[in-house]
Each structure stands twice: as structure tokens, then as C-alpha cells.
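Descriptive structure summary
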Amino acid sequence: MWVLLGLIVGIVMVIILVAVVIVLRKRGMMQQKETNYKAFFVIGVGLLPVGIVLMLAVGIFFVYLVGLAVSYMAIGLVNRDKWK
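Only a predicted model underlies this, so the values are computations on that prediction, with no experimental measurement involved. (Residues numbered from 1 in each chain as written. Predicted model: local features only at pLDDT ≥ 70, side-chain atom pairs only at ≥ 80, totals over all residues. Heavy atoms only, no water.)

On to the overall build of the protein. Per the secondary structure count, the protein includes three helices and zero strands. Against the globule reference of 12 Å for 84 residues, the protein gives a C-alpha radius of gyration of 19 Å, more extended than a compact globule. Counting across all 84 residues of the protein, residues that qualify as buried make up 12%. Considering only intrachain contacts with a sequence separation of at least 6, the fraction spanning at least 24 residues in the protein is 56%. For the protein, the accessible surface area stands at approximately 7000 Å², while carbon and sulfur atoms represent 74% of it. (Helix = DSSP H or I, 4+ residues; strand = E, 2+ residues; numbered from the N terminus. Rg over C-alpha atoms; globule rule 2.2 N^0.38 Å. Buried < 20%, exposed > 50% of the residue type's maximum accessible area, 1.4 Å probe, protein only. Contact = heavy atoms within 4.5 Å. Areas by Shrake-Rupley, 256 points an atom, 1.4 Å probe, with all protein chains shown as cover.)

Listed below in C-alpha cells is the structure:
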């Protein structure tokens, strides 16, 4: 019963998401903007110590946070010429 309820809620959420995207596109509110690569680097620098501390305190489960931080920093550094 809980599985069915969860499935129904998930389907309703996807339908609402699709409707919101369609409405925003029709109104012209979903325009492609230039990516801020400096923000990627800054977020990566912020996530790195958080990931390391959580990994050491809680367990190896938070290694994904360190990987995400390194990935963000790499994306920012590769595109350093596009920083604002």
C-alpha cells in the first residue's frame, strides 16, 4: 500500500514539474544564461573542507562530497578564462 501511495505521489510530482516547465517556457522565463564558472570554483572550495570533516567524523559515506568539490573546482579552473 505504501509503495502504491509513493508511486502515485511521484507521478503527480513529475506531472506538476512538467506543467511548470511548459508554462515557464511559454512565458519566456527559461532563457539560457552564461555560466558563472567562478561560482563553480567557489562552491568547490567551500564543499571540500565540509566533505573532509564529515568523511572523517561520520564515515567514508561522505567521500562523494569530496568528489563533488574536486569536480566543481576542476570545472571552475578549466574555464578560468571565462571568469567574471
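After that view of the structure, there is still more to cover.
This part takes up the packing of helix 2 (residues 37-57) against helix 3 (residues 63-78). The axes of two packed helices give the description: the angle between them and the distance between them. For the pair helix 2 and helix 3, interaxial distance at closest approach is 7 Å and the crossing angle is 160°. When the axes of helix 2 and helix 3 are compared, the pair comes out roughly antiparallel. Relative to helix 3, helix 2 is oriented so that their crossing is left-handed. Taken together, the residues of the contact of helix 2 with helix 3 sort by class into 21 nonpolar, three polar and no charged. (Axes fitted to C-alpha atoms, helices over the stretch in contact; angles between N-to-C directions. Parallel < 35°, antiparallel > 145°, perpendicular 65-115°, else oblique. Left-handed = near helix turned anticlockwise from the far one by under 90°. Nonpolar A, V, L, I, M, F, W, Y, C, P; charged D, E, K, R; others polar.)

Applying the stated rule across the entire model yields six aromatic pairs. Ring geometry for F41 against W83: centres 5.5 Å apart, planes inclined by 40°, an arrangement best described as tilted. Taken as a pair, F41 in helix 2 and W83 in the segment after helix 3 lie far apart in primary sequence, 42 residues in all. In this structure, R80 is placed above the aromatic ring of W83, and the distance from its NZ or CZ to the ring centre is 5.4 Å. (Phe/Tyr/Trp six-rings, centres within 6.5 Å; stacked < 30°, edge-to-face > 60°. Lys NZ or Arg CZ within 6 Å of the ring centre and 35° of its normal.)

This part is about a nonpolar patch on the surface. Taken together, the side chains of L4, L7, I8, I11, V12, I15, I16 and V20 present a nonpolar region at the surface, about 740 Å² in accessible area. Tracing the chain through its elements places I11 in helix 1 (residues 2-27). (Patch = residues over 30% accessible without salt bridge, like charges linked within 9 Å, V, L, I, M, F, W, Y side chains within 5 Å. Salt bridge = Lys/Arg side-chain N within 4 Å of Asp/Glu carboxyl O.)

Now for the environment of V63. Within the secondary structure, V63 is located in helix 3. Judged by its relative accessible area of 43%, V63 is partly exposed. Separated by 52 residues in sequence, V63 and I11 place their C-alpha atoms 32 Å apart.

Next up on the list: the confidence of the model for the protein. Residues at a pLDDT of 70 or more form 99% of the protein, whose mean pLDDT is 89. Element-level pLDDT for the protein is lowest in helix 1, with a mean of 89, against a maximum mean of 94 in helix 3. (pLDDT = per-residue confidence, 0-100.)

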